[in-house]
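Here are the chains, one letter per residue:
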Amino acid sequence: MLKKISTIALAGLLALPALASAGSASATSDLAAQVDRLTKELANLKAQMAAMKEGQGPATDLKAQQEIADLKNQMKALEDNQKEAFDDLDEKSEAWDLASRVQLFGDFRARGDWYKNDLVTTPLINPLNPLLGFQDDDEMENTSIFTNRFRLNMRVKATENVDFKGRLAMYKAWGTNTIPPNVTQFGYPSFDGTSTREPSDSILRVDRAFVNWNNIGGQPIWFSIGRRPTTDGPAAQIRMGLDERMATPTAYMDWPFDGISVGYAYANLFGMQDVPGRVRFCYGRGFENGLEYDAVSSDLNDTDFAGVSWDIYNKGNTLVYLQSFMVYNAFNFPEFDDDATNAFYDTFLGGRQNVGDVMHSSAVYMDKWQNLNYFIEGGWSRTMPDDDTGMFNDIFAAGVNDDDENGYNIWLGARYDMDDLGLKFGLEYNHGSQYWIGMTPGHDDLYSSKLATRGDVYEAYLIWDLPTGEAISKFAKTFMRIGYQHYDYDYTGGSDWNFKPYDLDDPEALAWATMMPTIEDADQVYVTFEVYF
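Residues numbered from 1 in each chain as written. Predicted model: local features only at pLDDT ≥ 70, side-chain atom pairs only at ≥ 80, totals over all residues. Heavy atoms only, no water.

(A) Geometry of the packing of aromatic side chains. A complete count under the given rule lists 30 aromatic pairs for this structure. When the ring of tryptophan 255 is compared with that of phenylalanine 305, the centres are 5.3 Å apart and the planes differ by 75 degrees; the resulting orientation is edge-to-face. Here tryptophan 255, found in the loop between helix H4 (236-239) and strand E6 (258-266), pairs with phenylalanine 305, found in strand E8 (residues 303-315); they are 50 residues apart in sequence, far enough to count as distant. Both residues of the pair, tryptophan 255 and phenylalanine 305, belong to the buried class. Look at phenylalanine 333 and phenylalanine 336: their rings are 6.2 Å apart centre to centre, the planes differ by 15 degrees, and that puts the pair in the stacked class. What makes phenylalanine 333 buried here is its relative accessible area of 2%. In this arrangement the basic side chain of arginine 228 is found over the ring face of phenylalanine 210, its NZ or CZ atom lying 5.2 Å from the centre. (Phe/Tyr/Trp six-rings, centres within 6.5 Å; stacked < 30°, edge-to-face > 60°. Helix = DSSP H or I, 4+ residues; strand = E, 2+ residues; numbered from the N terminus. Buried < 20%, exposed > 50% of the residue type's maximum accessible area, 1.4 Å probe, protein only. Lys NZ or Arg CZ within 6 Å of the ring centre and 35° of its normal.)

Spelled out as structure tokens, the structure:
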């Protein structure tokens, strides 16, 4: 009996170093379980020893006395190691508590595109130097372009009511470590509002970084500051195959920028019970003019955004949302990333300057009926030009256009989920009027922003949820998307507010198209492989 008990105790002692080593790399729950097991074994060992003494009476045999003495020494060693395990648990629990404040998750997307457009006419090689002649053709095509995009999200609790949220992103094309030729031909060249949103190099850049101060004064009020979550907003998440909202503003405002928001959440709207929502007052900077001499500082002001973002009703799958903001001191062109592009626009537009203000409003209704997700969204833009610069100026007419011009857009779509097959099929359509301005330099359509189109865009797509086994985390998703887009333009231009959008049937459009490549129609096919983890 003594030999059996000694063997058990010795085995426990020999196991302790291995348990301690494993505990350094295991979770808190594993170490706690090991301590609990040691405690039970020690208690059981003491009970067995007491029972042995009671059954045998005083131990007179010299060998039995020695075994009992050895067993007591082993029990003491076991108690000492148990205490060390408890101390180790306390120390590691504190470290694990610190580590548990940081939550990491992300996504990876590989995408392939085929794109082809028909231009209104063959454009000049350089509109500033007509002597160089014309381009080779009146259509452009890329039979294949492949891109990788990696994004890493993080959330960290600083205090009970203050947390940090950030996202790093890398987005590049295969076979090059720069922006592929002509990717920015029909939109904005690279600047602050396109950062991380167009393929460039393999550098991991800050896409989002902001701090939230919640529950201010014990009320449902918060303050947020930093690089804002303003890309892929409603209702873009439906065609992206995601189940939750990706940004605050609608996809009509797909523009990365830095700013501030102050918000208030409510459970009941104007006395109506169980009508939850939230309202935000937002401010941001779209262009920083820098340090200037007083004599010239009035010539160029900062470009700022300010407005209201209102989730009128947001519960379950239903969202009723309204936003309205102003662009104050809009620039004719921003500070682009490379000197050559800045030099070109500086010459073409006669220098960087403020040209007026822009009012922009949009609303969206999203819902789900059985397996059908659907939405309808509308936008309105209005330019308010300065008298001396004008906006939407007609280069073939004298003077500047100082009239306020209104633009409109309608966007609707639906996606039907076939859960048994792991398939989702969707259709979308949007139309933009002549003077519509899509604030979408951060779009995810690669070449041309569909929501900035002055004309019609049709899109069909299929999402396949891949049968890759049980999800390891709550963020896990694996799927493929295949889609087709057809662009049918009615007017020249897109996001620009400097020049008049000419009707493509008018002779002015033909003249304009010789200076600037102008799309008449375009087709695009894309395939993605996406993993969220």
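From this point, the discussion proceeds with the structure in view.
(B) The pairing of strand E16 (residues 519-532), seen in detail. Pairing of strand E1 (residues 102-119) with E16, which is carried by 13 bridges, proceeds in the antiparallel orientation. Within E16, the residue paired with glycine 112 across the bridge is valine 527. With 12 bridges joining them, strand E15 (residues 477-489) and E16 adopt antiparallel strand pairing. When the bridges of E16 are listed, isoleucine 482 appears paired with valine 527. (Pairing = 2+ DSSP bridges.)

(C) Region of interest: unusual backbone geometry. Each neighbour pair has its own omega, and for proline 234 with alanine 235 the value is 5 degrees, a cis peptide bond. In this structure, alanine 235 sits in the loop between strand E5 (221-227) and H4. Backbone geometry places aspartate 232, a non-glycine residue, at a positive phi of 65 degrees. Looking at the secondary structure, you find aspartate 232 in the loop between E5 and H4. In this model, aspartate 274 sits at a positive phi of 55 degrees, which is unusual for a non-glycine residue. Relative to the assigned elements, aspartate 274 resides in the loop between E6 and strand E7 (277-287).

(D) The nonpolar core, seen in detail. Counting residues in hydrophobic clusters, the biggest one holds 41 residues, and the most contacted among them are Met253, Trp255, Phe305, Val327, Val358, Met439 and Trp497. When residues in this core are grouped by element, the largest group, 4 residues, is from strand E9 (residues 318-331). For tryptophan 497, the contacting residues outside a window of four places in its chain are Tyr188, Ala330, Phe331, Asn332, Val355, Val358, Met391, Phe392, Ile437 and Met439. Residues Met240, Tyr461, Tyr526 and Tyr532 belong to the second largest nonpolar core, which totals 21 residues. (Core = buried A, V, L, I, M, F, W, Y, C linked by side-chain atoms within 4.5 Å. Contact = heavy atoms within 4.5 Å.)

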